[in-house]
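# Topology and contacts: notes
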Amino acid sequence: MVNVKIIRMFKKYIFVICVVFSTQIFAQKQPNVIVVLADDIGVGDISYYRKMHSNNVVLKTPAIDNLAKNGMVFTDAHSPAALCAPSRYAVMTGNNCYRSYAPWGVWGAYEASPIKPNQLTLGKLMKNAGYQTAFLGKWGFGMDFFKKGSDRQIYRSPRKRVELGVDVRKIVGKGPLDNGFDYSLTFPAGIQNVPYVVYENQEWMPLEKNSEIGYISQENMTKKGVTLDKDEGLGDTNWDPHNMGPLLVNKAVDYIAKADTNKPFFMYYCSLAVHLPHTPTKRLNGEKIAGQTPSKHLDMVKELDVQMAMLVAALKKKGVYDNTIILFTSDNGGLLKGKSIQSGHKSNDIYRGGKNQAYEGGHRVPFIAWWPEKIKKNSTSKIPILTIDILATLAAITSQEIEEGQANDSANLLPIFTGENKSKEVHPYLVTQSGTGKEAIIIKDGWKLIIAFDKKDKTNSTRTPVALFNLNNNVIENEKQNLIHKPEFASKVKSLFTTYNTYRDPGEKTKI
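- Under an unreviewed UniProt entry, the name given to the protein chain is Sulfatase, and the source organism is Cellulophaga geojensis KL-A.
- The record held by UniProt for the protein chain lists under Sequence similarities (unreviewed entry) the comment "Belongs to the sulfatase family."

## Side note on the overall build of the protein chain
- Each helix and strand in the protein chain was counted, giving 14 helices and 22 strands.
- A globule of 512 residues ought to have a C-alpha radius of gyration of about 24 Å, and the protein chain, at 23 Å, matches this closely.
- Projected onto the principal axes, the alpha-carbon positions of the protein chain cover approximately 95 × 55 × 50 Å.
- Scored against the burial criterion, the 512 residues of the protein chain give a buried share of 58%.
- Contacts in the protein chain between residues at least 24 apart in sequence constitute 69% of all its contacts with a sequence separation of at least 6.
- Looking at the protein chain as shown, the accessible area adds up to about 22200 Å², and 51% of this sits on carbon and sulfur atoms.
- One finds the centroid of the 66 positive side-chain charges in the protein chain at a distance of 3 Å from the centroid of its 49 negative side-chain charges.

## Observations concerning the sheet that holds strand β20 (residues 439-444)
- Taken together, four strands build an open sheet; the order of strands is β19-β20-β21-β22 and the sheet is antiparallel. What marks the edges here is a single partner per strand, and that holds for β19 (430-433) and β22 (463-470). Direction aside, the axes of adjacent strands within the sheet are offset by 20° on average.
- Taken together, the four bridges between β19 and β20 define a ladder with antiparallel strand orientation. Note that in β20 the partner of Val 431 across the bridge is Ile 442.

## Points about the nonpolar core
- Ranked by internal contacts, the top residues of the largest apolar core, which has 133 residues, are Trp 239, Phe 266, Tyr 268, Leu 394 and Phe 417.
- When near neighbours in sequence (up to four residues on either side) are disregarded, Tyr 268 contacts Val 35, Leu 37, Val 91, Met 92, Leu 122, Ala 134, Phe 135, Leu 136 and Phe 181.
- If you look at the next biggest cluster of nonpolar residues, it comprises 18 residues, including Tyr 429, Trp 447, Leu 468 and Leu 496.

## Some thoughts on empty space enclosed by the protein
- Scanning the model with the defined rule gives three cavities of 30 Å³ or more in all.
- Considered as a void within the structure, the largest cavity measures approximately 70 Å³ in volume.
- Together, Pro 80, Asn 96, Cys 97, Tyr 98, Val 431, Thr 432, Gln 433, Ala 440, Tyr 500, Tyr 503 and Arg 504 line the largest cavity.
- Only β19 and α14 (490-504) provide two or more residues apiece to the lining of the largest cavity.
- Tallied by class, residues from the lining of the largest cavity come to seven nonpolar, three polar and one charged.

## Description of the packing of aromatic side chains
- Applying the stated criterion across every chain, the model contains 24 aromatic pairs.
- Taken together, the ring pairs connect Tyr 89, Tyr 101, Trp 107, Phe 135, Trp 139, Phe 141, Phe 181, Phe 266 and Tyr 268 into an aromatic cluster.
- The ring of Tyr 321 carries the charged tip of Lys 316 above its face, separated from the ring centre by 4.8 Å.
- The ring of Tyr 359 has Arg 352 lying over it, and the distance from NZ or CZ to the ring centre is 3.7 Å.

## Observations regarding the layout of surface pockets
- As a volume, the largest pocket reaches approximately 570 Å³.
- Around the largest pocket, the lining comprises 28 residues; the ones closest to its centre are Thr 75, Asp 76, Arg 364, Lys 382 and Leu 471.
- Residues belonging to the lining of the largest pocket are distributed by class as follows: twelve nonpolar, eight polar and eight charged.
- A class-by-class count of the residues in the lining of the second largest pocket yields 13 nonpolar, eight polar and eleven charged.

So, how was this worked out
- Counting restarts for each chain: residues are numbered from 1 in the order of the written sequence.
- Note on the predicted model: pLDDT of at least 70 is required for a residue's local features to be given, and 80 or more for side-chain atom pairs to be given and counted; whole-chain, interface and lining totals, by contrast, use all residues.
- As a rule here, side-chain values cover all heavy atoms of the structure and leave hydrogens and water aside.
- UniProt positions are given in the numbering used here, feature names are shortened, and annotations may be inferred rather than shown by experiment.
- Under the scheme used here, helices are H or I runs from DSSP no shorter than 4 residues and strands are E runs no shorter than 2 residues, and both carry numbers assigned from the N terminus.
- In this description the radius of gyration comes from C-alpha coordinates, and the expected globular size is given by 2.2 Å times residues to the power 0.38.
- Buried, partly exposed and exposed residues are distinguished by accessible area as a fraction of the type maximum, computed with a 1.4 Å probe on protein chains only: under 20%, between the cut-offs, and over 50%, respectively.
- Note on definitions: a residue-residue contact is assigned when non-hydrogen atoms from the two residues lie within 4.5 Å.
- Only the protein chains shown count as cover for residues, with accessible areas throughout obtained via the Shrake-Rupley method and a probe of 1.4 Å.
- The charged-residue count follows a simple rule in which Lys and Arg add positive charge and Asp and Glu add negative charge, with His and chain termini not counted at all.
- To locate a charge, the coordinates of NZ of Lys, CZ of Arg, CG of Asp or CD of Glu are taken.
- Strand pairing is defined by DSSP finding a minimum of two bridges between the two strands.
- The angle between two axes is taken between their N-to-C directions and runs from 0 to 180 degrees, where each axis is a line fitted to C-alpha atoms and a helix contributes only its stretch in contact.
- Take the buried Ala, Val, Leu, Ile, Met, Phe, Trp, Tyr and Cys residues and link them wherever side-chain atoms come within 4.5 Å; each set so joined is a nonpolar core.
- A 1.4 Å probe that fits but cannot get out identifies a cavity on a 1 Å grid over protein atoms alone, an open set with protein on both sides within 12 Å along at least five of seven lines counts as a pocket, and a residue lines either if it has an atom within 4 Å of a point.
- Grid points are joined across faces, edges and corners, and a volume is the space filled by probe spheres set on the points.
- For this classification, the nonpolar set comprises Ala, Val, Leu, Ile, Met, Phe, Trp, Tyr, Cys and Pro, the charged set comprises Asp, Glu, Lys and Arg, and every other residue, Gly included, is treated as polar.
- Whether two aromatic rings pair depends on their centres lying within 6.5 Å, for rings of Phe, Tyr and Trp, where Trp uses its six-membered ring; planes under 30 degrees apart make the pair stacked, over 60 edge-to-face, and the rest tilted.
- By definition here, charges over rings are those cases where NZ of Lys or CZ of Arg is within 6 Å of the ring centre and within 35 degrees of the ring normal.

Below, the structure written as structure tokens:
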């Protein structure tokens, strides 16, 4: 007679083996995901987009163009704000900017994080799905550092003076590791502001063996050919923004190479390019960068394109190229100033305005989705979307339900990716905003209303419609014609204004 105890043990081991095996198979089927958020890249900076409207392409971006040719290009994509920090909060959480405590301006690294402890983030979402999660690049909003000489008191500052009383040797809270990311290489304010320090897993990563925390002054930076974009302040004494792009991308390549093949990985890659100061590296991946285009701005665009080529090459070397999703976009529209304009280059292509402005150039951004065998090659979507939609899309891809009260404004783009939805809108209307000018924007059925806010923007804030544009048919010419004072459009103004106020005041969702 067969021993019953032995049979039971045998069944138990078989069950465990099956579970482990099936888990590994499932993990292998789950696609890796890389979300690339470029800094200040406009649609005209990507040659694939520029070629849609003009033959005057000053700089080609072959690596990014290749993703576009082999994936889906969105031609009506918008950032949640025309400025970086509010946009970064919105992309990270799937919430429109106004849902944070400071929706308009740029958070300094020493200010309180807008992300609440119980709030869903891209990192938490993907970690919940069993992914290895990594954040690399510009964080872009507040976090916690100790006050110098204390191991308890958090330092706070509203960016109104040079800050010396903060201990920048460690991020002690509200950084990537506190928001669902297993690994992080963090530039708190990119390359443009304090602290001028790089953190690996929230610990200061000295740039050289002789690095110290010291004072980064314009005088010191001038010797390195750098004009600080923002404040003087504390940083690594070997800080040189010319070297930061290569450092970032090589860490990303290394992360891909070392990723556990038994689990899919999620990488949120927030590039430092092409924000000021424009400090292109001399060479990257065997290619000359600095001085190879008509302007330093375009050198930075070229550097970003080479970075993308390096990420793709790393995926191929790892053997996961065909099972990886890449989403490429920008935090806001492109820059307006610089020699690149004189060279005939237009960062925002045909669109009016640029970064920080309420015009289309301020918030129209490139959005490219690449997923072999899942997204049809060389496909285009004209459906209006927001980059906020990334979170809900990844939730759908990983078969997760988003809890009530989380990611209130993020819409699922997966049916668009797969071709199931070719024309149906995913938002009843788009809500975005300018930057420091405090102007809200609502777009519905091609009609765009710009609403000015007073400086305080409290519950009883004064809101005033200041511009109405009909973007249908000819967005270039039509955004030059402000119809706000024409009597025949009074009902349109009233309707859009009422819709915005009805959404904003009670906090209604803006996704279908």
